[in-house]
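What follows is the residue order along each chain.
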Amino acid sequence: MALRGLTSRVQLFGRITTLGSYRYSSNLSSQEIFDRESKYGAHNYAPLPVALCKGEGVYVWDVEGRRYIDFLSGYSAVNQGHCHPRIIKVMREQLERLTLTSRAFYNDALGEFVEYATSLFGYDKLLPMNTGVEAAETAVKLARRWGYDVKGIPRYQAKVLFAEGNFHGRSLMAVSASTDPESYSGYGPFIPNILTIPYDDLPALEKACSDPHVAGYIVEPIQGENGVVVPTDGYLKGVREICSRNNVLFIADEVQTGLGRTGTRLACDYEGVRPDVVALGKALSGGTMPISCVLADDEIMLTMKPGQHGSTYGGNPLACRVATESLKVIEEEGLAENAARMGEVLREELSSLDPSIVTTVRGRGLFYAIVFKPQGELTAWQLCLRLRDNGLLAKTTHDDIIRFAPPLVITEEQIREAMDIVKRTIS
């Protein structure tokens, strides 16, 4: 339906933009959209009931024309803001030229992407994939392969360590490593030689790494799905030291925490540590399409030979052009630096909330969560519904935690606007 009378001037990507009326193509109401999806789609998600049809910068609109501040950013896939004009321009241009060749042939975009990204992050090689879970799977496969070919672990006895409370996706590998019953229940038998240890526990890691069959430890620098759990300062440095001492690969899953989200290029940069393997995704496309990758040096990456791993769509020219531009936007527009500055504003605002209602505030950069104490019948989920009604979109993780992660292009004025909504809603 038309956004009747909607003409608002908002600051987006550092400029003033006028958003005029436009027509939503299907003319369905929000409820009709909910009902159709429920009837024909699998029920593996429980979305917040809002039907979105347009996004720009930090704002999204539903099919009735209501505007919202997006405080989830597609789980950090939209760090550059919705429909960033530079990314959309590059995407459109490549769409008209060539979208897919498969890796059976060379294309003129992959080399540009891998050269730019390896130079930016300081690794020898990049292996392109599509989704975040594919990047995590690839990293684990690399660790096993390196364990056999370089470390000398006996055939098929390699072990990979995971942290309790982890979230690396929904594949069989990921749920085999999960400690969340919602993720793993009903999907066994699980992949063997996947071991979990407590998160933010260096003695536990030291003990586990003493096993000579351990090839790698994959860990999120900040656990997102577990409620934006930030480890103790020095934890990542300790991980680096323990892994180096025991000849175990330090694998950082930066799919959600990387690319400026926490106020540095990678979340690991906060402690100045360099993992052996890095998995990236989500904002690698600016929220336009699935793009992920794994970074590592030659000793690790070149253990995989032709035919031993790959993806039809991984490294396709459309994805490569989009990823290159998405990274350039983050770097050239200073989005990590903005996340650090705006993160201080967000922390200040969140910390001012009533501590009898919001019992915990934790996070870094523009990656935060609050622990909400239910107020009578008002649960965290119901609070998200009220926030929606007041013009802000956020989502729970677990029963009592709400994650706040706006696009990194957000301004101080927009954060204050969003927090006014939060304060009014909670009070």
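Residue numbers here run from 1 along each chain, matching the order of that chain's written sequence. In keeping with the model being predicted, local features are shown solely for residues with a pLDDT of at least 70 and side-chain atom pairs are shown and tallied solely at 80 or more, while totals for entire chains, interfaces and linings include all residues. Side-chain measures were taken over the full set of non-hydrogen atoms in the model, leaving aside hydrogen atoms and water.

Novice: For the overall build of the protein, give the residues involved together with the corresponding values.
Specialist: Within the protein one finds 14 helices and 17 strands. For a compact globule the rule gives 2.2 Å times the number of residues to the power 0.38, and the radius of gyration it is set against comes from C-alpha atoms. Computed over C-alpha atoms, the radius of gyration of the protein comes to 22 Å, within 12% of the 22 Å expected from 2.2 N^0.38 for 427 residues, which places it in the range of a compact globule. Seen through its principal axes, the protein has C-alpha atoms that stretch 70 × 55 × 45 Å. Put simply, the protein has 427 residues, and 55% of those count as buried. Here a residue-residue contact requires only that any non-hydrogen atoms of the pair lie within 4.5 Å. Residue pairs at least 24 apart in sequence account for 72% of intrachain contacts in the protein once pairs closer than 6 positions are excluded. The helix count covers DSSP runs of H or I at least four residues long, the strand count covers runs of E at least two residues long, and both are numbered beginning at the N terminus. With a 1.4 Å probe rolled over the protein chains alone, any residue whose accessible area is under 20% of its type maximum counts as buried; one over 50% counts as exposed, and the rest are partly exposed.

Novice: Before we move on, could you go through unusual backbone geometry and cite the residues and values that matter?
Specialist: Here Gly188 and Pro189 are connected by a cis peptide whose omega angle stands at 0°. Summarising the element assignment, Pro189 is placed in the loop between α7 (181-184) and β8 (194-197). Within the chain, Tyr156 stands out as a residue other than glycine whose phi angle is a positive 65°. Topologically, Tyr156 is positioned in the loop between α5 (132-151) and β7 (159-163). Since its relative accessible area comes to 59%, Tyr156 is described here as exposed. Located in the positive-phi region is Lys282, a residue other than glycine, with phi close to 45°.

Novice: Before we move on, could you go through the sheet that holds strand β5 (residues 67-70) and cite the residues and values that matter?
Specialist: Any two strands are treated as partners once DSSP identifies two or more bridges connecting them. Spatially, β3-β4-β5-β15 is the arrangement adopted by the 4 strands of the open sheet, whose pairing is mixed. The two strands at the open ends of the sheet, each matched to only one other strand, are β3 (52-56) and β15 (392-393). For β3 and strand β4 (residues 59-62), the ladder comprises 4 bridges, and the chain directions are antiparallel. Directly across from Glu56, in β4, lies its bridge partner Tyr59. Fitting a line to C-alpha atoms yields each axis, with helices limited to the stretch in contact; the angle taken between N-to-C directions then spans 0 to 180 degrees. Along the sheet, helix α14 (residues 412-426) contacts β4, β5 and β15; its crossing angle with β5, the most-contacted strand, is approximately 105°.

Novice: Mind laying out α14, listing which residues take part and the relevant values?
Specialist: One less than the residue count of a helix, multiplied by 1.5 Å, gives the span that helix is expected to have. Taking 1.5 Å as the rise per residue, α14 with 15 residues should run 21 Å; its terminal C-alpha atoms sit 21 Å apart, in good agreement. All buried positions along α14 are accounted for by Gln414, Ile415, Ala418, Met419, Ile421, Val422, Thr425 and Ile426. Burial along α14 is one-sided: seen end-on, the buried residues are contained in an arc of 150°. By arc we mean the arc of the directions from the helix axis to the C-beta atoms, nothing more.

Novice: So what's going on with the packing of aromatic side chains? Residues and values would help.
Specialist: Each Phe, Tyr or Trp ring, with Trp reduced to its six-membered ring, pairs with another whose centre is within 6.5 Å; inter-plane angles below 30 degrees give stacked pairs, above 60 give edge-to-face pairs, and intermediate values give tilted ones. This model, assessed by the stated rule, comprises 5 aromatic pairs. Look at Tyr148 and Tyr156: their rings are 6.1 Å apart centre to centre, the planes differ by 80°, and that puts the pair in the edge-to-face class. Measuring from centroid to centroid gives 6.1 Å for Tyr184 and Phe190, while their planes differ by 90°, and the two rings are edge-to-face. Working rule: Lys NZ or Arg CZ, within 6 Å of ring centre, within 35 degrees of ring normal, means a charge sits over the ring. The ring of Tyr123 has Arg274 sitting right over it, with the charged end atom 4.1 Å from the ring centre.

Novice: Just give me the short version of the pairing of strand β10 (residues 249-253), but keep the residues and values in it.
Specialist: Along β10, 5 of the 5 residues are buried, which leaves the element largely enclosed by surrounding structure. Every second residue of β10 is oriented toward a common face, with Leu249, Ile251 and Asp253 on one face and Phe250 and Ala252 on the other, all of them buried. Taken together, the 4 bridges between strand β9 (residues 214-219) and β10 define a ladder with parallel strand orientation. Within β10, the position partnered with Tyr217 by the bridge is Phe250.

Novice: Give a detailed account of the pattern of salt bridges, specifying residues and quantitative values.
Specialist: We count a salt bridge whenever a side-chain nitrogen from Lys or Arg sits within 4 Å of a carboxyl oxygen from Asp or Glu. Using the criterion set out here, one finds 24 salt bridges in the structure. One salt bridge in this structure joins Glu64 and Arg66, with 3.0 Å as the shortest N-O distance. The shortest N-O distance in the salt bridge between Arg240 and Asp276 comes to 2.9 Å. Here Arg240 is found in helix α9 (residues 235-245), whereas its partner Asp276 is found in the loop between β10 and β11 (277-280), with 36 residues between them in sequence. By relative accessible area, Arg240 is classed as buried at 15%.

Novice: So what's going on with α5? Which residues, and what values?
Specialist: With 20 residues, α5 extends 27 Å from end C-alpha to end C-alpha; this agrees with the ideal 28 Å at 1.5 Å per step. Looking at α5, one finds that the buried residues are Ala135, Ala136, Thr138, Ala139, Val140, Leu142, Ala143, Trp146, Gly147 and Lys151. A positive phi of about 85° marks Gly152, the residue just after α5.

Novice: Help me get a handle on the nonpolar core, residues and values and all.
Specialist: Core analysis: the largest hydrophobic core is formed by 70 residues, its most contacted members being Phe71, Phe113, Phe121, Leu392 and Phe404. No other element matches the 8 residues that helix α11 (residues 317-332) contributes to this core. Residue contacts for Phe113: discarding those within four places in its chain leaves Leu126, Leu284, Cys320, Ala323, Thr324 and Leu327. We call a set of buried residues a nonpolar core when its members are Ala, Val, Leu, Ile, Met, Phe, Trp, Tyr or Cys and they connect through side-chain atoms within 4.5 Å of each other.

Novice: Report on the side chain of Arg321, specifying residues and quantitative values.
Specialist: Structurally, Arg321 is set in helix α11. Exposure remark for Arg321: the relative accessible area of 17% places this residue in the buried category. Excluding residues within four positions of it along the chain, Arg321 makes contact with Val90, Gln94, Arg97, Asp108, Ala109 and Glu112.

Novice: How would you summarise the side chain of Gln223 if you had to cite specific residues and measurements?
Specialist: Along the chain, Gln223 falls in the loop between β9 and α9. Beyond its immediate chain neighbours, meaning those up to four positions away, Gln223 contacts Ala163, Glu164, Gly165, Asn166, Tyr199, Val228 and Val229.

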